[in-house]
Amino acid sequence: MARESVSKTFVVAIVLAAACSLLVSGAAIGLRSMQEANKVRDRKKNILIVAGLYDAKAAVEKSFQQIEPRVVDLATGEYAAEDQFDPETFDQRAAAKDPNLSVKIPSEKDLAGIGRREKYSLVYLVKKDDKLDQVILPVDGKGLWSTLYGFLALDGDLNTVKGITFYEHAETPGLGGEVDNPTWKAKWAGKKVYDDKGGVQLVVVKGVADESSPHQVDGLSGATLTANGVTNLVQYWLGDDGFKKLLERLKSQGV
Ligand SMILES: Cc1cc2nc3c(=O)[nH]c(=O)nc-3n(C[C@H](O)[C@H](O)[C@H](O)COP(=O)(O)O)c2cc1C
C-alpha cells in the first residue's frame with residue numbers, strides 16, 4: 001500500500017471522527033449529573049438572592065438551610081403530605097409536563113401562555129421566631145421569545161413584594177433581557193400584589209409607574225412585549241389558579 005493514498009486518508013478521518021465522537025458523547029454523559037447539580041444549586045442561589053439571604057462568601061447549601069421547601073397542592077392551597085412528595089427531590093419542571101401531575105389550562109385562563117400547569121408546586125418558606133417572614137413562589141410564563149422561569153418573594157403579610165428574579169429565559173439582551181437588570185428588579189420591592197378585595201393588581205406598566213399606585217412597576221423601554229409577559233405570568237401565578245389559595249390559607253391561619 002502506498003504511504004499516502006486516498007484509502008489511508010479515509011481510514012484516518014473515520015478513526016479520528018469515531019474517537020472524537022466517543023470523547024464528546026462520553027463527556028456529555030459523564031458530566032450530566034454535574035450539570036444537573038449545578039442547575040439545582042443555581043436555582044437555590046436565585047431563591048436566596050430574591051429573599052435577600054444570599055451571601056457570596058457562604059456555601060449555597062449552608063445558606064439554603066434557612067429556607068424550608070414545601071410542596072403545595074394548588075387546587076386546595078394545602079401542603080402535600082411529605083410521604084407523597086419529597087420537597088428535596090420534587091421535579092416541578094417534569095411535573096408540569098407529566099399528564100398525571102399537571103392539568104391543561106383552558107385558553108381563556110392561560111394568561112401565562114404555558115398550556116399546562118403542574119398540580120403541585122414547590123414553595124419556599126423563610127421563618128423568623130417560628131413566624132412566617134417570607135414566602136418565595138416559583139413563577140413561569142411566556143415573554144416574547146421564550147418562557148421565563150423565576151421566583152417572586154413576598155413579605156410575611158403575603159401581599160408586599162420582597163423581590164423578583166428570573167433564572168432562565170431567552171429574551172433579547174438589552175431589550176427583554178433587561179428583566180435581569182438589578183435596577184429594574186429593585187423597583188419591585190414594596191409593591192402590593194392584591195387590592196382590598198383580593199384582586200391581583202400588580203402590573204408592569206408601559207413607561208413610568210404612577211407613584212400614587214402601590215401596584216405599578218416601571219416598564220422596560222423597547223421591551224413592552226416581554227414586560228407584558230411578566231405582568232401576565234405574575235398575575236396568573238398569584239391568581240385563583242396559582243398560589244392565591246395557599247396565600248389565603250396562610251393569611252387566615254395568621255402565620
Ligand atoms: C431583533 C429584535 C429583538 C427584540 N427583542 C425583544 C425582546 O426580547 N422583548 C421585547 O419586548 N421586545 C423585543 N423587541 C421589540 C419588539 O418587537 C417591540 O417593538 C417592543 O416590545 C415594543 O416595546 P416598546 O413599545 O417599549 O418599544 C425586539 C425587536 C427586534 C427587532
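For the structure, see preceding data.
Predicted model only: the values in this text are computed from it and were never measured.

Peer 1: Go over the packing of aromatic side chains with me, naming the residues and quoting the values.
Peer 2: Within this structure, the stated rule accounts for nine aromatic pairs. Geometrically, the ring pair formed by F64 and Y124 is edge-to-face, given 6.2 Å between the ring centres and 70° between the ring planes. Linking F64 in the loop between helix 2 (60-63) and strand 1 (67-73) with Y124 in strand 4 (residues 120-128), this pair joins segments that are 60 residues apart in sequence. For the pair F64 and Y124, a shared accessibility class is recorded, and that class is buried. Through a chain of ring-to-ring contacts, the aromatic side chains of F64, Y124, Y149, F151 and Y167 assemble into a single cluster. Directly above the ring of Y79 sits R70, whose terminal nitrogen or CZ lies 4.1 Å from the centroid.

Peer 1: Requested: an account of the site of the ligand, with residues and values cited.
Peer 2: Close to the ligand lie 13 residues, the nearest being T172, K206, G222, T224 and T226. Here G176 contributes a backbone N or O atom positioned 3.3 Å from an oxygen atom of the ligand. In the complex, 57% of the free accessible area of the ligand, which totals 620 Å², lies under the protein chains.

Peer 1: Could you give an account of helix 6 (residues 244-252), naming the residues involved and the relevant values?
Peer 2: When we look at burial in helix 6, the residues that qualify are K244, L246, L247, R249 and L250. For helix 6, the elements touching its buried residues are strand 1, strand 4, strand 5 (131-142), strand 6 (147-155) and helix 5 (224-238). Trailing helix 6 by a residue or two, G254 shows a phi angle of about 60°, which is positive.

Peer 1: Give me the lowdown on a nonpolar patch on the surface, citing residues and values where you can.
Peer 2: A surface patch of nonpolar side chains, about 350 Å² in accessible area, is lined by V6, F10 and I14. In this structure, F10 sits in helix 1 (residues 6-50). Residue F10 is classed as exposed on the basis of its relative accessible area of 54%.

Peer 1: Describe the side chain of S102, and please don't skip the residues or the numbers.
Peer 2: By the element assignment, S102 lies in strand 2 (residues 102-104). Here S102 falls in the buried class, since its relative accessible area comes to 3%. At 2.7 Å, the side chain of S102 and the backbone oxygen of D98 are in polar contact. Within polar-contact distance, the side chain of S102 engages the side chain of R116 at 2.9 Å. What S102 contacts, discounting residues up to four positions off in sequence, is A95, A96, K97, R116, R117, E118 and K119.

Parameters at a glance
Residues numbered from 1 in each chain as written. Predicted model: local features only at pLDDT ≥ 70, side-chain atom pairs only at ≥ 80, totals over all residues. Heavy atoms only, no water. Phe/Tyr/Trp six-rings, centres within 6.5 Å; stacked < 30°, edge-to-face > 60°. Helix = DSSP H or I, 4+ residues; strand = E, 2+ residues; numbered from the N terminus. Buried < 20%, exposed > 50% of the residue type's maximum accessible area, 1.4 Å probe, protein only. Lys NZ or Arg CZ within 6 Å of the ring centre and 35° of its normal. Near = heavy atom within 4 Å. Polar contact = N/O pair within 3.5 Å; in protein donor to acceptor, adjacent residues only side chain to side chain. Areas by Shrake-Rupley, 256 points an atom, 1.4 Å probe, with all protein chains shown as cover. Contact = heavy atoms within 4.5 Å. Patch = residues over 30% accessible without salt bridge, like charges linked within 9 Å, V, L, I, M, F, W, Y side chains within 5 Å. Salt bridge = Lys/Arg side-chain N within 4 Å of Asp/Glu carboxyl O.

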